[in-house]
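# Coordinate analysis (summary)
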Amino acid sequence: MKKIVVIMGLMMVLQGCNSDKDILVNINTQFGTIKVLLYNETPLHKKNFIELVKAGKYDSTLWHRVMKGFMVQGGNVNQKEGTQESLEDRIPAEIISGFMHTKGALAAARQPDQANPKKMSSASQFYIVHGKIFSKEELTIDQFALNQGLSELMKNPSYDTIAQQFINLKRGNKIEEMNQLALRYVELVESVQGVSLRKNMVLDRLEAYTTLGGAPHLDNEYTIFGRVVAGLEVVDQIASVSVGRANRPIEELFMTMEIEEVPKKEITEKYGYIYPETSL
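Note that the structure is predicted; figures quoted are calculated from it, not measured. (Residues numbered from 1 in each chain as written. Predicted model: local features only at pLDDT ≥ 70, side-chain atom pairs only at ≥ 80, totals over all residues. Heavy atoms only, no water.)

With that settled, consider the environment of D59. You can see D59 is positioned in the loop between α2 (43-54) and β3 (61-67). Put simply, D59 and E258 are 199 residues apart on the chain and 9.0 Å apart in space, counted from C-alpha to C-alpha. (Helix = DSSP H or I, 4+ residues; strand = E, 2+ residues; numbered from the N terminus.)

See the structure below:
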């Protein structure tokens, strides 16, 4: 009961006196501005992010990890301040079923499950999904089982020609091409081994990841607490910079942030975000 009261209190603070307005966060970069909307469904993350922005904590932090076709990560306040994040600083997970890692999703970084079984979020680090557009086959075929099946198949000399195709691609480190080649042999593996490699995906996820794209393997693993409503082209530019070790940009990319209070009606009309209906 106490937890419910605390969360309700947080939501009242976030909504403020005028529930007809909401907050957009402007993330300013050398390529332009990314505008993000923070979700009311994740009040702990929303409150934390707003407080950090208002305090100027994110100003002069770096985009420190960039992986084109996956995500761009930044906001390491501890690194900027020369401090260490403690367990008490982390934010409890607010993983909402149905929230997807489509392109432009704003989510909290975190430590891996082994050290963080409760999936608690970093106190400041976040990422924006860049992602890629998937084919229907990539989303509805069990790729792990397919790869295992192909490995078993290629132990048979009868399939040396197929094995050589994979060897040639591996020599060139052409991972994406190897995945696409594997999908060509789904029916062969199913026929020879008498198994089914198909898996189900709900239609809305299938449509989202085959049109807008994203990183579906992260769904239900990390807290998504907002989305980009303008400036996806800026995310594209950040994702395209040259990187070195640990996917760190070779040229330092800094950011600053500022709060913008905007009527909800304007957010819907200008950026297409439809607020969910709430019931008392």
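Here we take up the nonpolar core. Formed by 29 residues in total, the largest nonpolar core has its most connected members in I27, I34, W63, F126 and I128. Among the nonpolar cores identified, the runner-up in size contains 19 residues, and Y39, M71, V262 and I267 belong to it. (Core = buried A, V, L, I, M, F, W, Y, C linked by side-chain atoms within 4.5 Å. Buried < 20%, exposed > 50% of the residue type's maximum accessible area, 1.4 Å probe, protein only.)

Let us look at the packing of helix α5 (residues 143-153) against helix α7 (residues 175-183). Taken N-terminus to C-terminus, the directions of α5 and α7 make an angle of 80°; their axes are 10 Å apart at the nearest point. What the angle tells us is that α5 and α7 run roughly perpendicular. Along its contact with α5, which presents Q143, L146, N147 and L150, the element α7 presents N179, A182 and L183. Partitioning the contact of α5 with α7 into residue classes produces four nonpolar, three polar and no charged. (Axes fitted to C-alpha atoms, helices over the stretch in contact; angles between N-to-C directions. Parallel < 35°, antiparallel > 145°, perpendicular 65-115°, else oblique. Contact = heavy atoms within 4.5 Å. Nonpolar A, V, L, I, M, F, W, Y, C, P; charged D, E, K, R; others polar.)

Let us now look at helix α6 (residues 160-171). For α6, spanning twelve residues, the distance from its first C-alpha to its last is 16 Å, which sits close to the expected 16 Å at 1.5 Å a residue. Within α6, burial applies to I162, A163, F166 and L169. The buried side chains of α6 occupy one side of the element, clustering within an arc of 125° when seen end-on. Exposed and oriented more than 90 degrees from the buried face of α6 are T161 and R171. Summarising the contacts, the buried residues of α6 are in contact with α5, α7 and α8 (186-193). (Expected span 1.5 Å × (residues − 1). Arc of directions from axis to C-beta.)

A word on unusual backbone geometry. We note that N220 has phi near 65°; this positive angle belongs to a residue other than glycine. Its location among the elements puts N220 in the loop between α9 (203-211) and β7 (224-230). Residue N220 is classed as partly exposed on the basis of its relative accessible area of 42%. Unusually for a residue other than glycine, N247 sits at a positive phi of about 60°.

Quick look at the packing of aromatic side chains now. For the structure on display, the rule yields nine aromatic pairs. Ring centres of F49 and F126 lie 5.6 Å apart, and the angle between their planes is 85°; this geometry places the pair in the edge-to-face category. Here F49 is found in helix α2, whereas its partner F126 is found in strand β6 (residues 126-129), with 77 residues between them in sequence. We note that F49, like F126, is buried. By the ring-pair criterion, three or more aromatic residues cluster together here, those being F49, Y58, W63, F126 and F225. (Phe/Tyr/Trp six-rings, centres within 6.5 Å; stacked < 30°, edge-to-face > 60°.)

With respect to the secondary-structure elements, E94 resides in the loop between α3 (77-81) and β5 (105-108). A distance of 2.6 Å separates a polar atom in the side chain of E94 from a polar atom in the side chain of H45. Excluding its chain neighbours within four sequence positions, the residues that come into contact with E94 are T42, P43, L44, H45 and T223. (Polar contact = N/O pair within 3.5 Å; in protein donor to acceptor, adjacent residues only side chain to side chain.)

On to α7. Looking at α7, one finds that the buried residues are M178, L181, A182 and L183. Residues of α7 that are buried in the fold lie against α4 (136-140), α5, α6 and α8.

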